[in-house]
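Per-entry structural report
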Amino acid sequence: MMNDTNNKSQFSTRQRIAALGMPYSTGWRRLREGKRQREALASNEDRKIMWSQLKKKKGYSKVSEQLRKELQEWILDHPSVVPSPITNETLLIADPDNPTHKKRVAK
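Let me begin by describing the structure that accompanies this report. (Residues numbered from 1 in each chain as written. Predicted model: local features only at pLDDT ≥ 70, side-chain atom pairs only at ≥ 80, totals over all residues. Heavy atoms only, no water.)

The helix and strand tally for the protein chain stands at 3 helices and 2 strands. Ordered by position from N to C terminus, the α and β elements of the protein chain give α-α-α-β-β. Here the protein chain holds 107 residues, and the buried ones make up 7% of them. Pairs at least 24 residues apart make up 9% of the contacts formed inside the protein chain by residues separated by at least 6 positions. Here the protein chain has roughly 10300 Å² of accessible surface; of this, 54% comes from carbon and sulfur atoms. (Helix = DSSP H or I, 4+ residues; strand = E, 2+ residues; numbered from the N terminus. Buried < 20%, exposed > 50% of the residue type's maximum accessible area, 1.4 Å probe, protein only. Contact = heavy atoms within 4.5 Å. Areas by Shrake-Rupley, 256 points an atom, 1.4 Å probe, with all protein chains shown as cover.)

Structure below.
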């Protein structure tokens, strides 16, 4: 890292890369990119790093649970859906009645 006596790290860069278990060339590259990005975040002179200032959006699904069940029923009841001709071919899907359990169904 930096060679100043005040900012000297306890571990060398080679030791950090070895501890992460990655090749030296990859480690040097990733540590250099991380250092450059941290410096850009600290200075933020060019104001191009907007993602660091945005609030994270609250996650939600646009598809309601009822619509998801109706879509699944529509797909399964569709006349073009046919069982797989391979005898032991199955899928492990979530049970619609009990979402914590999964069940095997034919493809």
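Time to look at helix H2 (residues 24-43). Here H2 contains 20 residues, and its C-alpha end-to-end distance of 28 Å stays within 8% of the 28 Å for a straight helix at 1.5 Å per residue. By the burial criterion, the buried members of H2 are Thr 26, Gly 27 and Gly 34. All buried residues of H2 project into a common sector of 95 degrees when viewed along the axis, lining one side. Facing away from the buried surface of H2 by more than 90 degrees, the exposed residues are Ser 25, Arg 32 and Arg 36. (Expected span 1.5 Å × (residues − 1). Arc of directions from axis to C-beta.)

Another aspect to go through is the pattern of salt bridges. Going through the model one piece at a time under the given rule, you end up with 1 salt bridge. Arg 68 is paired through a salt bridge with Glu 65; the nearest N and O atoms lie 3.3 Å apart. Linking Arg 68 with Glu 65, this pair stays in helix H3 (residues 65-77), spanning 3 residues, or about one helical turn. By relative accessible area, Glu 65 is classed as partly exposed at 48%. (Salt bridge = Lys/Arg side-chain N within 4 Å of Asp/Glu carboxyl O.)

The final tally for this structure, using the stated rule, is 0 aromatic pairs. Positioned above the aromatic ring of Tyr 24, the side-chain terminus of Arg 14 is 4.9 Å from the ring centre. (Phe/Tyr/Trp six-rings, centres within 6.5 Å; stacked < 30°, edge-to-face > 60°. Lys NZ or Arg CZ within 6 Å of the ring centre and 35° of its normal.)

What follows covers the environment of Pro 96. When you line up the elements, Pro 96 lands in the loop between strand E1 (90-94) and strand E2 (102-106). Remark: the alpha-carbon pair of Pro 96 and Gln 72, spanning 24 residues in sequence, is separated by 9.5 Å.

Moving on, we come to the pairing of E2. A small share of E2 lies buried, amounting to 0 of its 5 residues. One ladder, built from 5 bridges, connects E1 with E2; its direction is antiparallel. Opposite Leu 92, over in E2, you have Arg 104 as the bridge partner. (Pairing = 2+ DSSP bridges.)

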